[in-house]
Amino acid sequence: MSAAMAVDGDDAMEPTLQSVLDQKTLRWIFVGGKGGVGKTTTSCSLAIQLAKHRKSVLLISTDPAHNLSDAFNQKFGKDARLVEGFTNLSAMEIDPNGSIQDLLAAGGEGVDDAMNQMNQLGGMGSMMQDLAFSIPGVDEAMSFAEVLKQVKSLDYEVIIFDTAPTGHTLRFLQFPTVMEKALSKLSQLSTQFGPMLNSLIGARGGLPGGQQLDDIIAKMESLRETIAEVNGQFKDADKTTFVCVCIAEFLSLYETERMIQELSNYEIDTHSIVVNQLLFPSKTNPCEQCNARRKMQKKYLEQISELYEDFNVVKMPLLVEEVRGKEKLEKFSEMLVTPYIPPE
């Protein structure tokens, strides 16, 4: 049973991602789910479709496995580069393991140097650093720092995240709040201990480039404000949505439900589910395994229809070959907007 059949009349939800393409206010799109369900194929295909409707699209992988390069048969790195064959679709792969200094460097020149200088001071400087960055999750925030650099450039109309498996994704979505708290605490500590630190820094010959501590604090506050703005956008359904990807099996469906509940707690919109790797054997197919698996998948598809009748549920077939390279991805992407019709 399809999502369109789950509700009646005009309230039926289309079994496609067309609504995502039509929502011109969207700035951030996350694609996530359990490992091995086809997140990267889905995010690349969605990016290809979005490139037809938007001036500029950026696809970012925050998954340590970095499958974008394999999907497009093109090497990507930490800097955005155009996907071959496109004029308005770029991609990049971010290392999710980074230091907090890298995050602060995204806030402006000199912050990184100042933090190093504080660290060298020992005593009060180290204490400030330790206190400010004792909040769990801060040291994993390199991904968010790289995103901020892209945001500041304002070069992209929409940004799509090919995320890591569920747990990492949910932590990533917490980062804006975590960083707001950390930088707010650092700003508070800097204000409290500023005079003492100024004396220590003066005794050591000052900060690099003749900067003042107040300037560094101002840059940190500016970074905090930028993060707060992005955090607000993440919680705005007009600007952000999350596309869940799964397969029609118990563990994947369980993980999807858990993720949707968490996203609701974070106030992040989600109204689309892509179900990958579906079998559509013909009625005369003699393959017992195929028919048995299809029977199992139909059971979970019915559950999905009942649970998510107000979602766009997109059903994608299991293909006989890997979806790699521009042409195959483009072909796959068409099924995100035109429902797949299985052969008789």
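Going by an unreviewed UniProt entry, the protein chain carries the name Arsenite translocating ATPase ArsA and comes from Rhizodiscina lignyota. The annotation that UniProt attaches to the protein chain under Sequence similarities (unreviewed entry) is "Belongs to the arsA ATPase family." UniProt, in its Subunit (unreviewed entry) section for the protein chain, records the words "Homodimer."

Asker: Quick question: what am I supposed to make of the overall build of the protein chain here?
Answerer: For the protein chain, the count of helices and strands is 13 helices and eight strands. Counting over 344 residues, the protein chain shows a buried share of 52%.

Asker: What should I look at first to understand the packing of aromatic side chains in this one?
Answerer: Aromatic ring pairs are described here by two measures, namely the spacing of the ring centres and the angle between the planes. Inspection of the entire model under this criterion finds nine aromatic pairs. Between the aromatic rings of F30 and F242, the centroid separation amounts to 6.1 Å while the plane-to-plane angle is 15°, which identifies the pairing as stacked. Separated by 212 residues along the polypeptide, F30 in strand 1 (residues 28–32) and F242 in strand 6 (residues 240–247) bring together distant segments of the chain. With respect to burial, F30 and F242 carry one shared label: buried. Grouping aromatic residues by their ring pairs yields a cluster made of W28, F30, F161, F234 and F242. The ring of W28 is capped by R27, whose NZ or CZ atom sits 5.3 Å from the centre of that ring.

Asker: Whenever I open this one, the environment of K39 confuses me. Can you help?
Answerer: In this fold, K39 is placed in helix 3 (residues 39–50). For K39, a relative accessible area of 6% corresponds to the buried category. A sequence separation of 123 residues divides K39 from D162, and the C-alpha atoms of the two residues are 6.7 Å apart.

Asker: I tried to follow the pattern of salt bridges on my own but got confused; where do I start?
Answerer: Where side chains of opposite charge bring their charged atoms close, a pairing between them can arise. Summed over all chains, the structure comprises seven salt bridges. In this structure, K328 and E321 form a salt bridge, with 3.7 Å as the shortest nitrogen-oxygen distance.

Asker: Sorry if this is basic, but what is going on with the sheet that holds strand 6 here?
Answerer: Note on sheets: strands pair through backbone hydrogen bonds, and any given pair is parallel or antiparallel. Pairing is mixed across the open sheet formed by eight strands, whose spatial order is 3-4-2-5-1-6-7-8. Among the strands making up the open sheet, the edge pair consists of strand 3 (81–82) and strand 8 (312–317). Note: strand 6 against strand 7 (residues 272–278), five bridges, orientation parallel. Each bridged residue has a counterpart across the sheet, and for C244 the counterpart in strand 7 is I273. Running over the sheet, helix 12 (residues 288–307) touches strand 6, strand 7 and strand 8 and is turned about 175° from strand 7. Most of the contacts of helix 13 (residues 326–337) go to strand 8, to which it runs at about 145°, and overall it touches strand 7 and strand 8.

Conventions we followed
Chains are numbered independently. Their residues run from 1 in the order of the written sequence. Restriction of local features to residues with pLDDT of at least 70 applies here, the model being predicted, together with a cutoff of 80 or more for giving and counting side-chain atom pairs; totals for whole chains, interfaces and linings are based on all residues. The basis for every side-chain value is the complete set of non-hydrogen atoms in the structure, without hydrogens or water. UniProt positions are given in the numbering used here, feature names are shortened, and annotations may be inferred rather than shown by experiment. In this text, helices come from DSSP runs of H or I with a minimum length of four residues, and strands from runs of E with a minimum of two, each type numbered from the N-terminal end. A 1.4 Å probe rolled over the protein chains alone gives each residue an accessible area, and that area as a share of the maximum for its type sets the label: buried under 20%, exposed over 50%, partly exposed in between. In summary, the pairing rule links any two rings of Phe, Tyr or Trp, Trp by its six-membered ring, whose centres are within 6.5 Å, and it sorts them by plane angle into stacked for under 30 degrees, edge-to-face for over 60 and tilted for everything else. To sit over a ring, a charge needs its Lys NZ or Arg CZ within 6 Å of the ring centre and within 35 degrees of the ring normal. One side-chain nitrogen of Lys or Arg within 4 Å of one carboxyl oxygen of Asp or Glu is enough to make a salt bridge. For two strands to be treated as a pair, DSSP must find at least two bridges joining them. By the convention used here, residues are in contact when the closest approach between their heavy atoms is within 4.5 Å. Axes here mean lines fitted to C-alpha atoms, for a helix over just the part in contact, with angles spanning 0 to 180 degrees between N-to-C directions.

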